[in-house]
Amino acid sequence: MSNSDQLLEAYRQSHPNSARWHERAKAFFPADGATHFTRVRAPFRPYITHARGSRKWDVDGYEYIDYVLGHGALILGHAHPAVVEAVQQQAAKGFHFGDNHPLEVQWAELIRRLMPAAERIEFFASGQEANLMAIRLSRVATGKRRILKFRHNYHGWADELCAEGTPGANEDQVTVIDVGDPEQVDRHLATGQFAAVLIEGGGGRIAGRVPTPVEFFQALPAITRKHGVIFILDEVVTGFREAAGGWQSIVGIEPDITTIGKAVSGGLPSGALLGRADLLASLSPTSPPARLVMHGGTWNAVPLTAAAGIAACELYLDGAPQQAACTMAGRLRHQANDRFRRAGAPARLYGTHTVAHIYIGPIERESADDSAPPTTDPAKLANPRMTPVYKRLDLHLLQRGVSSLRGEGLMLSSAHTEEDIDRTVAALADALQEMERERMLSL
Ligand SMILES: Cc1ncc(COP(=O)(O)O)c(C=O)c1O
């Protein structure tokens, strides 16, 4: 038996209860029993029963330091007491009134305090719904149809949001280019075909696995304005996670439309679109029929979600949880890189703010700045051929009590502690050493 089979076998044997749930799941969920493409893993990811703070526990009784954090939604960590209390109190009063309620107004007021660009706000069930509406509003406002997007940016799985060349997706009206060249953006917009430019806050793929220069973000408002094109900033990940005011407050820009999700509702499902009042006016019933956009949605601003959102947003206001998560992410990047350098491991952590991206591959540039990626080549930072290597790391980390984002990243919360970081660094170093022995790192 090869070493790699030994890992799979050891994992399977040490997780017999998860294995049983996985067998049952496969009868329903076509993605090898998983309900999200990032949760597909050979042989399976653990089945979780409960979570608190920085930890979660599975059906076999294992504890994990969690860096998936509800796909990035849980900047406060799992089951933050203030959010739990708000949800419990609201649950007893009713989940959903199918009507107006004060909580949605209070929630919107808090969002505007966090992001002053929110002249008007619209709530959705998810981040991608907010992006789809942002595109529609841009088309109505400009009378144009084409959308300019950027390679390696993720905005959801729907038509026009998903990756280039996705089977079955309608992308006829989408142009995808690399980030970094404002003149190229200018040339495309000068064709007069574009309704909107859509870009991911913080950089491509979960806040900058593929970094985007800050100057590029700063150049976009003037270029889009010059051509009468709508500038949409997707802050579904970065909204309130990187700073109280989101990515826009960090780089100092005011988009026409911002989309948020994940953290805005403290861990319950939601999305929101905010921005210029004249653009959102299309949602008003007084809008002329040619500009009127109808918006339904059973789960828009559900009281239960709004209650969680208010509790979470109140905590985001002073920036303290974000700062705590940033500090822990910085510590993790620094300590891990120190260890990798000393061991001569072909791996580095990088990224800014609350995320540590994991890179495995040739170290093309060594930097004292642990936020800097070890190569500037986007094709290497997001190399699909490396996916099996990252998934392998993910499994090794799970075996060592660390739950990562596909072995490619670690998202931090205000609940992570120095002890979590020390244990994670040890797990990373040990896992990589084992992968070296398995010859998984002979790149
Ligand atoms: C940057 C970005 N935008 C949009 C989305 C889609 O959000 P949702 O999954 O809530 O639809 C995601 C999801 O991960 C995301 O990372």
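Scope of this entry: the structure provided in the associated data block. (Residues numbered from 1 in each chain as written. Predicted model: local features only at pLDDT ≥ 70, side-chain atom pairs only at ≥ 80, totals over all residues. Heavy atoms only, no water.)

1. Considerations on the packing of aromatic side chains
Okay, step 1: A complete count under the given rule lists six aromatic pairs for this structure.
Okay, step 2: Taken together, a centroid distance of 5.4 Å and an interplanar angle of 50° make the contact between Tyr11 and Phe44 tilted. Residue Tyr11 is located in helix H1 (residues 3-14), and its partner Phe44 is located in the loop between helix H2 (16-26) and strand S1 (48-52); the two are separated by 33 residues in the primary sequence.
Okay, step 3: Given a relative accessible area of 0%, Tyr11 falls into the buried group.
Okay, step 4: Ring geometry for Phe28 versus Phe29: centroids 6.2 Å apart, planes at 50°, classification tilted.
Okay, step 5: Take Phe28: its relative accessible area is 65%, and that puts it in the exposed class.
Okay, step 6: Lying over the aromatic face of Tyr390, Arg209 brings its terminal NZ or CZ to 5.0 Å of the ring centre. (Phe/Tyr/Trp six-rings, centres within 6.5 Å; stacked < 30°, edge-to-face > 60°. Helix = DSSP H or I, 4+ residues; strand = E, 2+ residues; numbered from the N terminus. Buried < 20%, exposed > 50% of the residue type's maximum accessible area, 1.4 Å probe, protein only. Lys NZ or Arg CZ within 6 Å of the ring centre and 35° of its normal.)

2. A short note on the site of the ligand
Okay, step 1: In the region of the ligand, the neighbouring residues are Ser126, Gly127, Gln128, Asn131, Tyr154, His155, Glu200, Asp234, Val236, Val237 and Lys262.
Okay, step 2: In this structure, an oxygen atom belonging to the ligand sits 2.9 Å away from a main-chain N or O atom of Gln128.
Okay, step 3: Surface burial for the ligand is 82%, taken as the share of its 390 Å² of free accessible area covered by protein chains.
Okay, step 4: The element contributing the most residues to the shell around the ligand is helix H6 (residues 127-142), with three residues.
Okay, step 5: A class-by-class count of the residues in the shell around the ligand yields three nonpolar, five polar and three charged. (Near = heavy atom within 4 Å. Polar contact = N/O pair within 3.5 Å; in protein donor to acceptor, adjacent residues only side chain to side chain. Areas by Shrake-Rupley, 256 points an atom, 1.4 Å probe, with all protein chains shown as cover. Nonpolar A, V, L, I, M, F, W, Y, C, P; charged D, E, K, R; others polar.)

3. What about the packing of helix H12 (residues 320-343) against helix H15 (residues 418-437)?
Okay, step 1: Two numbers describe how H12 lies on H15: the axes approach to 9 Å, and their chain directions differ by 35°. The hand of the H12/H15 crossing is right-handed. Where H12 abuts H15, its residues Met328, Arg331, Leu332, Gln335, Ala336, Arg339 and Phe340 lie against Glu418, Ile421, Asp422, Thr424, Val425, Ala426, Leu428, Ala429 and Leu432. (Axes fitted to C-alpha atoms, helices over the stretch in contact; angles between N-to-C directions. Left-handed = near helix turned anticlockwise from the far one by under 90°. Contact = heavy atoms within 4.5 Å.)

4. Notes on H6
Okay, step 1: For H6, built from 16 residues, the straight-helix expectation of 22 Å at 1.5 Å per residue is met to within 8% by its first-to-last C-alpha distance of 23 Å.
Okay, step 2: Every buried residue belonging to H6 is among Gly127, Gln128, Ala130, Asn131, Met133, Ala134, Ile135, Leu137, Ser138, Arg139 and Thr142, and all of these are buried.
Okay, step 3: The first or second residue beyond H6 is Gly143, which carries a positive phi of 75°. (Expected span 1.5 Å × (residues − 1).)

5. Overview of the sheet that holds strand S9 (residues 257-261)
Okay, step 1: Strand order across the open sheet formed by seven strands is S4-S10-S9-S8-S7-S5-S6, with mixed pairing between neighbours. Edge positions in the sheet fall to strand S4 (120-124) and strand S6 (174-177), since each has one partner strand and no second. The sheet shows a mean angle of 20° between the axes of neighbouring strands, direction not considered.
Okay, step 2: As paired elements, S4 and strand S10 (residues 271-275) share five bridges and run antiparallel to each other. Looking at S10, one finds that Ile121 is bridged to Leu274.
Okay, step 3: Contacts from helix H5 (residues 102-114) reach S4, S9 and S10, with the element oriented near 120° to S4. (Pairing = 2+ DSSP bridges.)

6. As for unusual backbone geometry
Okay, step 1: Between Ala42 and the following residue, Pro43, the backbone shows a cis peptide bond with an omega angle of -5°.
Okay, step 2: The topology assignment puts Pro43 in the loop between H2 and S1.
Okay, step 3: The phi dihedral of Arg205 is positive, around 70°, even though this residue is not glycine.
Okay, step 4: Looking at the secondary structure, you find Arg205 in the loop between strand S7 (194-200) and helix H8 (214-226).
Okay, step 5: Arg205 gets classed as partly exposed once you look at its relative accessible area, which sits at 27%.
Okay, step 6: In the Ramachandran plot, Ala301 falls in the positive-phi region, its phi being about 50° despite a non-glycine side chain.
Okay, step 7: One can find Ala301 in the loop between helix H10 (277-280) and helix H11 (303-316).
Okay, step 8: On the basis of relative accessible area, Ala301 is assigned to the buried category, the value being 9%.

7. Things to note about the nonpolar core
Okay, step 1: Counting residues in each nonpolar core, the largest one holds 64 residues, and the members touching the most others are Phe240, Tyr316, Leu332, Leu349 and Ile360.
Okay, step 2: The dominant element in this core, judged by the number of residues it contributes, is H11, at eight residues.
Okay, step 3: If we skip the residues at most four places from it in the chain, Leu332 touches Tyr67, Leu349, Ala356, Leu410, Leu412, Ile421, Thr424 and Val425.
Okay, step 4: Listed in part, the 20 residues of the second largest apolar core include Ala130, Leu161, Ala195 and Leu280. (Core = buried A, V, L, I, M, F, W, Y, C linked by side-chain atoms within 4.5 Å.)

8. Regarding the pattern of salt bridges
Okay, step 1: Evaluated as defined, the whole model comprises 26 salt bridges.
Okay, step 2: A salt bridge links Asp178 to Arg151; the nearest nitrogen and oxygen atoms lie 3.1 Å apart. In this pair, Asp178 sits in the loop between S6 and helix H7 (182-189) while Arg151 sits in the loop between strand S5 (146-150) and S6, placing the two residues 27 residues apart along the sequence.
Okay, step 3: Two residues, Arg400 and Asp430, come together in a salt bridge whose shortest N-O distance is 2.8 Å. Placement of the pair is Arg400 in the loop between helix H14 (387-399) and strand S13 (402-403) and Asp430 in helix H15, with a sequence separation of 30 residues.
Okay, step 4: Judged by its relative accessible area of 27%, Arg400 falls in the partly exposed class.
Okay, step 5: On the basis of relative accessible area, Asp430 is assigned to the partly exposed category, the value being 35%.
Okay, step 6: Taken together, the shared-partner salt bridges in this structure form one network comprising Arg341, Arg348, Glu366 and Asp370. (Salt bridge = Lys/Arg side-chain N within 4 Å of Asp/Glu carboxyl O.)

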